[in-house]
Amino acid sequence: MDVIVVLEWAFDAVLGLGLLWLAWRTLNSPDLFKAIVLFISFGLLMALAWVRLNAPDIALAEAAIGAGLTGALLLAALARLRTTTDNTMPAQLPAGSWFQRGLLIVLLSGSAAGLGYAVWILPSHTSGLSMAVTANLDVSGARNPVTAVLLNFRGYDTMLEMIVLLLAVLGIWSLGGLPPRPERPAVAVLDTFSRFLIPVFILAAAYLLWVGADAPGGAFQAGSVLGAAGVLLLLSGWRPGVRLMQWPLRLALTIGAITFIILGVLTLLYEQQLLAYPVAQAGRMIILLESLATVSIAVTLAILFLGESPDPEEKK
Amino acid sequence: MTLTDYATACLLILGGIFFLAGTVGLLRFPDVYTRLHALTKADNVGLGFIMAGLVLQAESWLAAGKLLLIWLLVLFASASVSYLIARRALNKGIRIWM
């Protein structure tokens, strides 16, 4: 038994040190492509760290969004950076004065010390709010405590996250977006690959969404899997048609946030509290919110990857 | 430990050896094509052994089926992605090491 404990310690130590090393290499690498690849590896190791911390929900989200989709977004951004500018980073950033550097060192050490102190004074064994969550799980409408917190007890957090995603798309569109590129035929293997995989992605997303009520999973994980299907379609050369880019796209992007806001207003009116669902309907409301949020998250992520504004003629 | 546990341990170690060999190949082989060759061995055979080891420990047929599905998906993805990487490398004019 002792051997297992030692092995677990060794594994965790290697994982923790590997994370620090990867983070440093990611920030330090002058080659942007290499930095992105290191960032993706960092995300995958981070997901493993969350598994070790018994947080499979966060591990799933980290692997799908942190490593997968963010990695794809960064690579797409890099590819476009290369076409628009010559990809030479300034070899050396202009060094600040001694005063500036000293100030920076003091500020950074100060915040590092503060963070270290905050971790240090944490009680080593605390249940936090998990007792309160377990006690109220019956009335939440979900059997997975994480889903109960995200969609019921702290539903407004998720509502604000949906709005943040919407703001990200609005930001890209306000900047004008990228010039639209025409549809082009894909490489035969990639074409077959995506034709085979996209139904599997949709099935996996539906499974993650449904299983979220009982086990790790839920809207963000399902949405990122579905979003990845969208990225795959875009990579294979598919482009949404002009008519699809108008109101159907806007509806899909906003439906999650809109449903949250409507339910929020209704619960404020009838239950006197934001997103406090009546117990009998809680399960159904969570499923409704999660399904629509999944659609919005997926479309948002795919549209972020596409990076095109829906109204190219309005720009000029 | 039961006989199943021993079989699992053997399969996991075998899988680990393939992953190790794949990693060494990735680090030591001279060009992108040979590195791909090393990687796919780890992905396909190594993961296959590990999945076989885990299937023996699965609590239900459903869990075993999920593991099998993961392996098949990785097989499919790694084969296609390796092709795409090799094709891109050839198109960019990277010469094959002889």
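Scroll up to find the structure this text is about.
### Let's talk about the nonpolar core
Residue and element names in this part refer to chain A. Counting 36 residues, the largest nonpolar core has Phe-260, Tyr-277, Ile-297 and Ile-303 as its most contacted members. Among the elements that take part in this core, helix H11 (residues 282–306) stands out by supplying 11 residues, more than any other. Ranked by size, the runner-up nonpolar core spans 12 residues in total, among them Ala-205, Leu-208, Leu-209 and Val-225.

### Brief notes about the pattern of salt bridges
Residue and element names in this part refer to chain A. Inspection of the entire model under this criterion finds 5 salt bridges over all chains. Between Asp-12 and Arg-52 there is a salt bridge; the shortest N-O distance is 2.7 Å. Taken together, the residues span a long stretch of sequence, with Asp-12 in helix H1 (residues 2–28) and Arg-52 in helix H2 (residues 32–52) at a distance of 40 residues. Classification of Asp-12 as partly exposed rests on a relative accessible area of 33%. The residue Asp-214 makes a salt bridge to Arg-143 at a minimum N-O spacing of 2.4 Å. Of this pair, Asp-214 sits in the loop between helix H8 (188–211) and helix H9 (219–235) while Arg-143 sits in the loop between helix H5 (130–140) and helix H6 (145–153), and the two are 71 residues apart along the sequence. Classification of Arg-143 as exposed rests on a relative accessible area of 55%. One continuous salt-bridge network, built from bridges that share partners, spans Glu-8, Asp-12 and Arg-52.

### So, a nonpolar patch on the surface
Residues and elements named next belong to chain A. Taken together, Ile-258, Ile-261, Ile-262, Val-265, Leu-266, Leu-269 and Tyr-270 make up a surface patch of nonpolar side chains, about 690 Å² in accessible area. When you line up the elements, Leu-266 lands in helix H10 (residues 247–271). Accessibility expressed as a relative area gives 38% for Leu-266, which makes it partly exposed.

### Focus: the interface of chain A and chain B
On the chain B side, the residues contacting the 8 residues of chain A number 8 residues. At the boundary of chain A with chain B, total buried surface from both sides reaches about 740 Å², with 88% on carbon and sulfur atoms. Our count for the contact surface shared by chain A and chain B stands at 0 salt bridges. In this assembly, chain A and chain B are joined by 1 residue pair in polar contact (both at pLDDT 80 or more). For the side of chain A that touches chain B, a count of residues per class yields 8 nonpolar, no polar and no charged.

Calculation rules
Residues numbered from 1 in each chain as written. Chains lettered and ligands numbered in written order. Predicted model: local features only at pLDDT ≥ 70, side-chain atom pairs only at ≥ 80, totals over all residues. Heavy atoms only, no water. Core = buried A, V, L, I, M, F, W, Y, C linked by side-chain atoms within 4.5 Å. Buried < 20%, exposed > 50% of the residue type's maximum accessible area, 1.4 Å probe, protein only. Helix = DSSP H or I, 4+ residues; strand = E, 2+ residues; numbered from the N terminus. Salt bridge = Lys/Arg side-chain N within 4 Å of Asp/Glu carboxyl O. Patch = residues over 30% accessible without salt bridge, like charges linked within 9 Å, V, L, I, M, F, W, Y side chains within 5 Å. Areas by Shrake-Rupley, 256 points an atom, 1.4 Å probe, with all protein chains shown as cover. Contact = heavy atoms within 4.5 Å. Buried area = accessible area lost by both parts, 1.4 Å probe. Polar contact = N/O pair within 3.5 Å; in protein donor to acceptor, adjacent residues only side chain to side chain. Nonpolar A, V, L, I, M, F, W, Y, C, P; charged D, E, K, R; others polar.

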